[in-house]
Each structure stands twice: as C-alpha cells, then as structure tokens.
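Residue-level listing of the chains:
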Amino acid sequence: MVTPAAKREAVAHLEGLFEVSQRRACDVLGVDRTMVRYHSRRGDDAGIRERMRALAADRRRFGYRRLHWLLGREGVAINHKKFRRLYREERLQVRRRGGRKRALGTRSPMAIPQGRNQRWSLDFVSDAFACGRRFRIFAVVDDFTRECVRLIADTSISGMRVVRELDWSIAERSRPAMVVSDNGTELTSMAILRWSKERDVAWHYIAPGKPQQNGFIESFNARLRDECLNETIFTSLAQARSVLAAWRHDYNHHRPHSSLGNMTPAEMAARSAGQPGWGLTPNPVAITPTQGHQQGLRLYS
C-alpha cells in the first residue's frame, strides 16, 4: 500500500470484513486517520474537461500544447501543468503514426527569408479517392509567414497549370523574389523557364534526393497529410477541393504555429506588414549545400 487511495481501500476492506471501527482498522494498518477521513475539495473542472474533449475531437492531431493555446484564446486561464494533468486523465494523447525517416550526414544551414514574399516553396502531394483513383495537390507556402499561398487539387497538373496558379497568387499578393522547388518534370519545363524569366523571379532547384533543402514545404506537407488527408475519405474532386479550401483557411487564420510563437500565419503576415522595416535587411547565412550543384541556380543568365 503506497498511495492514499490504496490505504483507504485497505481500511474500508478491514471495516467491512471484520466489522471493526475505522480507528481500529487504522491502528492495525498503521494508517493516519486524517488521511483516511480526508475528502478532496478540488473542483472537477467539468466545463474545462468538456471543452477540452470538444477541441480534441475537432482537432484530432493536436497535442496538449496547441489545445492549451486554443483554450487560452477563448479566455480560459489555466496553468499548463494542470491542463496537462486533465489532458492525461481524459486520455486525449495523440498517438504517433509510424516511423519518421531522419536525414543522415551533414547539413548546411538554409537561407532564412527575412520578410513576406521573399521566398515561396512549392511541391506536389498525392492522394486517392475512395474508388482508388489518384489525384494530385499543388501546394505553395510563404517561407517567412508560413502562409499557405495555394492549395490546388486536380487529377493532372502540368507546368502550364503551375504557371497560371502562380500568376493568380501574384495577383492576390505580390511577386516573390525567389521560388524553391525540387526537380520534378512539371517544375523543369519550358513553361516554368519562360515564366521565371518574364516575371524576373529567381528559381532555385534543390539537390536531387535532398528534400531537407526544401524543409518548409516538406513540413507543411506533413501537417497537411496528418491533419487533413489522413483524416478524410475523398469521394470526388469537388469534395476534395472544398475540404482543402476549408483546411487552408483554418491553417492560415486559426491554427497556431509553434515556430511563429503560437501565432497564426495570418497574424504573422499582419505583424510583418504593420512594422516599418520588418524583414528588409536579410541576415547573412551560409551558402546552400553542394558547391558543384547550381548554387542559387537561376533559369536565366
């Protein structure tokens, strides 16, 4: 008998089995009567627990830190240690999925943008409908604010389609100084070459087999798959586009981002736009890896 609860059970067992008083049972077991007679006056926090369960049901891949942050935004003041205790008692822990591959070998620091629209990262993600037919998702992320600039689903996305989506993104926001991507066929086509030269946008290709050089979009892809694609059964292209549009809005305006100090990407964008001189002086960083592989490659000379 170690815990107070176990000692109370033992005292109650002796009282019922041998029909002795509580005083006698405590003397036999060497248990303090004040501990046995104590009744906790701690509240059950029913309202907080109910709201916590509702948030966890809505955000199934959020851990206790993000849930605590969301609850704080609703005006609920609760210590993070108490919140974690309630979180464990409600058994809301998020189970980690599978094993994650880790890059081996040395890494060189990646140039970090110091302002909005300084650099966009883009990539493709694939998924499948319930019938088994596959479709693709074209994603564009602003590396500074972490905003999802574009999230387009279609059964086929060519280089010309990529150009059109980038033009629409520029019309909504502004022209980026640089775009980073892998070496996919859609992203190395003549349409991309012509577009980057006409728009005067530097296009940097990462080294083959080095996705960690495009870490911002890879991190976004992991969140997209974990929180949206793996949680949804897609039945049609229209439904996929609707779900992705809703998730993109939630990601940009409501989802806290830990690397931004738990601000949302939209809040980060508003903050950077509202402060004079924000991000206008880039910090010096190390050169991108592999000296022989097209450092800061531009598609035009």
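**Quick look at the overall build of the chain**
In terms of helices and strands, the chain carries eleven helices and five strands. Burial status across the chain gives 40% buried among its 301 residues. Of all intrachain contacts in the chain linking residues separated by at least 6 positions in sequence, the fraction that spans at least 24 positions is 61%. On the chain, roughly 17,700 Å² of surface is accessible, and the fraction owed to carbon and sulfur atoms is 50%.

**A few points about the pattern of salt bridges**
Overall, the coordinates contain 24 salt bridges when judged by the stated rule. Taking the shortest distance from any N to any O, the salt bridge between D45 and K82 comes out at 3.2 Å. Linking D45 in the loop between α3 (33–37) and α4 (46–58) with K82 in helix α6 (residues 80–89), this pair joins segments that are 37 residues apart in sequence. Note that E198 is salt-bridged to R199, the shortest N-O span being 3.7 Å. Through salt bridges with shared partners, a single network forms among R150, D154, R161, E165, E172 and R241.

**Let's talk about the side chain of E227**
By secondary structure assignment, the location of E227 is in helix α9 (residues 215–227). Reaching out from E227, the side chain makes a polar contact with the side chain of R255 at a distance of 2.7 Å. If we skip the residues at most four places from it in the chain, E227 touches R61, F62, W247 and R255.

**Describing the confidence of the model for the chain**
Looking at the chain as a whole, the pLDDT averages 84, with 86% of positions reaching at least 70. In this model, residues 101–108 is a region of pLDDT below 50 whose contacts with residues beyond four sequence positions or in other chains number three contacts. Note that residues 276–301 has pLDDT below 50 and, in this model, 44 contacts with residues that lie over four places away or in other chains.

**Overview of a nonpolar patch on the surface**
Residues L17, F18 and V20 make up a contiguous nonpolar surface patch of roughly 290 Å² in combined accessible area. Relative to the helices and strands, F18 resides in helix α1 (residues 4–18).

**A closer look at the packing of α4 against α6**
Two numbers describe how α4 lies on α6: the axes approach to 11 Å, and their chain directions differ by 65 degrees. Relative to α6, α4 is oriented roughly perpendicular. Between α4 and α6 lies a crossing of right-handed hand. In contact with I48, R49 and M52 of α4, α6 contributes F83, R85, L86, Y87 and E89.

**A few points about unusual backbone geometry**
With phi around 55 degrees, E19 is a residue other than glycine that occupies positive phi space. On the basis of relative accessible area, E19 is assigned to the exposed category, the value being 73%. Positive phi values are uncommon outside glycine, yet R146 reaches one of about 65 degrees. Position of R146 among the secondary structure elements: in the loop between β2 (134–142) and β3 (148–154).

**Here we look at the packing of aromatic side chains**
Two aromatic rings are characterised by how far apart their centres lie and by the angle between their planes. Tallied over the entire structure, the rule returns nine aromatic pairs. Arranged with centres 5.5 Å apart and planes meeting at 80 degrees, the rings of F135 and F234 form a pair that is edge-to-face. Of this pair, F135 sits in strand β2 while F234 is found in the loop between α9 and α10 (237–253), placing the two residues 99 residues apart along the sequence. F135 sits in the buried class, given a relative accessible area of 1%. Site record: aromatic cluster; members linked through ring pairs are F129, F135 and F234.

**Topic: helix α5 (residues 64–73)**
Within α5, the full set of buried residues consists of Y64, R66, L67, W69, L70 and L71. Looking one or two residues beyond α5, the residue adopting positive phi is G75, at roughly 95 degrees.

**Quick word on the packing of helix α7 (residues 159–172) against helix α8 (residues 190–199)**
Two numbers describe how α7 lies on α8: the axes approach to 8 Å, and their chain directions differ by 25 degrees. By the criterion of interaxial angle, the relationship of α7 to α8 is roughly parallel. On the side of α7, the interface is formed by G159, M160, V162, V163, L166, D167 and I170, while α8 contributes A191, I192, W195 and R199. For the contact of α7 with α8, the per-class residue count stands at eight nonpolar, one polar and two charged.

Thresholds, definitions, all that
Residues numbered from 1 in each chain as written. Predicted model: local features only at pLDDT ≥ 70, side-chain atom pairs only at ≥ 80, totals over all residues. Heavy atoms only, no water. Helix = DSSP H or I, 4+ residues; strand = E, 2+ residues; numbered from the N terminus. Buried < 20%, exposed > 50% of the residue type's maximum accessible area, 1.4 Å probe, protein only. Contact = heavy atoms within 4.5 Å. Areas by Shrake-Rupley, 256 points an atom, 1.4 Å probe, with all protein chains shown as cover. Salt bridge = Lys/Arg side-chain N within 4 Å of Asp/Glu carboxyl O. Polar contact = N/O pair within 3.5 Å; in protein donor to acceptor, adjacent residues only side chain to side chain. pLDDT = per-residue confidence, 0-100. Patch = residues over 30% accessible without salt bridge, like charges linked within 9 Å, V, L, I, M, F, W, Y side chains within 5 Å. Axes fitted to C-alpha atoms, helices over the stretch in contact; angles between N-to-C directions. Parallel < 35°, antiparallel > 145°, perpendicular 65-115°, else oblique. Left-handed = near helix turned anticlockwise from the far one by under 90°. Phe/Tyr/Trp six-rings, centres within 6.5 Å; stacked < 30°, edge-to-face > 60°. Nonpolar A, V, L, I, M, F, W, Y, C, P; charged D, E, K, R; others polar.

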